[in-house]
Amino acid sequence: MGFADLLDQVGGFGRYQWLHVTLISLPGLLMASQNLLNNFVSGIPAHHCSLPANQSIYNLSGHQVEEKQLLKAFIPLDSSGNRLDRCRRYVTPQWQLLTANTSANVSHLPTEGCVNGWTFDRSEFLATTVSEWDLVCSLRPLKQMIQTIYMGGVLTGAVIYGGLSDRFGRRSVLIWSYLQLAILGCSSALSPSYSTYCIFRFLSGMAVSGVILNGVSLKVEWIPTKARTLVGTLTSFFFTFGQMILAGLAYWLSDWRKLQVAVCAPHFLFFAYSWWYSESARWLVLKRRSGDALKTLHRVARINGKPEMIDKLTLEVLHSHMSKEIESSRSTFTAYDLLRTRGMRRISICLIAVWFSTSFAYYGLAMDLQKFGVSIYLMQIIFGAVDFPAKLLALGMLSYLGRRVSQAACLFLSAFIIFANIFVPSDMQVVRTTLACLGKGFTSASFTTVYLYTGELYPTVIRQTGMGLVSTMARIGSMAAPAVLILDEVLPALPSVVYGGAAVLAGGFACFLPETLNIPLPDTIEDVEEKWLAKFTRSICTIEIPKDNVTLKEDVASEDDHVIPKEGVSLKELKEVEGSGLNAL
């Protein structure tokens, strides 16, 4: 017996669970907007040096030439020879360049920086942080720094709010996170300076972690085990739809301050209705608040149309069902246990590499949409839509090829596509865009796979500690990804080489992980050492296709079962694989 039996008695996946899952999943539509917001808020408009103060296009109208041609007297062409230089201008106007069929050598003409600032094209973006604070040329790295600082906030929030949720409960921290994101997110739209905006984005990133981690925890802890795979699969697409919603909002508003408010203000609504949530009964029992847990279960039974269970469900029944969880909660494990033994050490090191590289490559592709020469709004929609087949592909591969082969294949294929795109000429935009979408799809599939795989590799007693460690590495990867984009000033292909190289390295590490398809979940560290260390003596990276249908028992992971990561969730509930790894994205 366990808490799952209690959920079945109060209605299983009933009316309460439908409302509960729907309300918690709705904010997921805007989580993609937060993670990918910098693509539009800090979009780089076409720009060139402003003309000297005593010169302008308007008082030069006596010259019978087009405005674009007139600019050539003030601004040299860039190295490609196809467009005006973005960071240099002639010291003095070169009127002879306006003469038809001129063949003058311009390489020796003196130039200077944009001492009078820049003129930005407003056809694609009305206003961005880049155009407002001149984050171009020598200040261009500051544009990528905004995303790095935001991801730093996400990492900090995972550490802080994960611990706070264990102490104060999932519901309380989730409610606070909604309010924090609503207030600070909207306040960032009023930022008078770059540094102020970065501070607000860092604090918003912390709130995003609180929303995601505690939302997933609270959602999963009220869902029966049998329904978790289906629910996890369906709710994961909220993030995917959110990517396309972001593109629509950005195209409609075209102003970074308005867009910032549009993606943060709805959290006031989420904060308002979040008071309806019930705290996790499992967490309440483990915190010695059985009376509150019983009241919560009675409320769920009443909403689910099971009023007869209110009299039958007593404190004695509650304690008898959860005696094992209460007893095991007294044992403590630390992060050191993830590296203490040989088997755990191998698993942890390999997973660290896989998580870091997957997140690194994913955000490296997702945060550089302007380089493809296609409308950034269209690229965002395409990149969101590609997640649908990617996640379905991952589910199929996981069920028939196994976890290890699926993980390694996704990483190697994404690396191959990233490398291939380096050799495609810049004028072949359709090919470049197609390859980029395939690369993003395989990194998305890798994310889906690694969430499931990690939950099956770590034993129950230390599963959440392990998830916390590898999730931290993923956040570090997402922080590093925007910074690498700056390397294109040294060599345009260098960022792709770094992203692809990281994926190849991680794919190699994935080959050293043990297979977990149709294998019971380990409960203790000893289980890992005895079971998987012995299995590793077999060949690495071989395809293991199940020959017979496996009759699932309570502690056996089925082919379609997947794990939803949830930091701070009670370790003891994870006797079975829970939910769906599709919540990864």
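Residues numbered from 1 in each chain as written. Predicted model: local features only at pLDDT ≥ 70, side-chain atom pairs only at ≥ 80, totals over all residues. Heavy atoms only, no water.

## Quick word on the pattern of salt bridges
- Applying the stated criterion across every chain yields a total of six salt bridges.
- Its salt-bridge partner being aspartate 292, residue arginine 289 comes within 3.2 Å of it at the nearest N-O pair.
- What makes aspartate 292 partly exposed here is its relative accessible area of 32%.
- Residues aspartate 337 and arginine 340 are paired through a salt bridge, measuring 3.1 Å at the closest nitrogen-oxygen approach. Taken together, the residues aspartate 337 and arginine 340, both in helix H18 (residues 337-340) and three residues apart, mark about one turn of the helix.
- By relative accessible area, which is 39% here, arginine 340 ends up partly exposed. (Salt bridge = Lys/Arg side-chain N within 4 Å of Asp/Glu carboxyl O. Buried < 20%, exposed > 50% of the residue type's maximum accessible area, 1.4 Å probe, protein only. Helix = DSSP H or I, 4+ residues; strand = E, 2+ residues; numbered from the N terminus.)

## Brief notes about the state of the cysteines
- Taken as a whole and judged by the stated rule, the model has two disulfides.
- Paired by a disulfide, cysteine 49 and cysteine 114 hold their sulfur atoms 1.8 Å apart. The sign of the -60° torsion about the S-S bond sets the cysteine 49-cysteine 114 disulfide as left-handed. Taken as a pair, cysteine 49 in strand S1 (residues 47-49) and cysteine 114 in the loop between strand S3 (111-112) and strand S4 (118-120) lie far apart in primary sequence, 65 residues in all. (Disulfide = S-S within 2.5 Å.)

## With respect to the confidence of the model for the protein
- Averaged over the protein, the pLDDT score is 79; the fraction of residues at 70 or greater is 83%.
- Here residues 539-585 is a poorly scored stretch, pLDDT under 50, and it has 163 contacts once near neighbours within four places are set aside; other chains count. (pLDDT = per-residue confidence, 0-100. Contact = heavy atoms within 4.5 Å.)

## Here we look at a nonpolar patch on the surface
- There is a patch of nonpolar side chains on the surface, built from Leu139, Leu142 and Met145 and spanning about 220 Å² of accessible area.
- Relative to the assigned elements, leucine 142 resides in helix H7 (residues 141-168). (Patch = residues over 30% accessible without salt bridge, like charges linked within 9 Å, V, L, I, M, F, W, Y side chains within 5 Å. Areas by Shrake-Rupley, 256 points an atom, 1.4 Å probe, with all protein chains shown as cover.)

## Topic: the packing of helix H21 (residues 387-400) against helix H22 (residues 403-422)
- The interhelical angle for the contact between H21 and H22, taken along N-to-C directions, is 140°, at an axis separation of 7 Å. With respect to H22, the element H21 is oriented oblique. Between H21, through Met397, Leu398 and Ser399, and H22, the contact on the second element is made entirely by Arg403, Ser406, Ala409 and Cys410.
- Tallied by class, residues from the contact of H21 with H22 come to four nonpolar, two polar and one charged. (Axes fitted to C-alpha atoms, helices over the stretch in contact; angles between N-to-C directions. Parallel < 35°, antiparallel > 145°, perpendicular 65-115°, else oblique. Nonpolar A, V, L, I, M, F, W, Y, C, P; charged D, E, K, R; others polar.)

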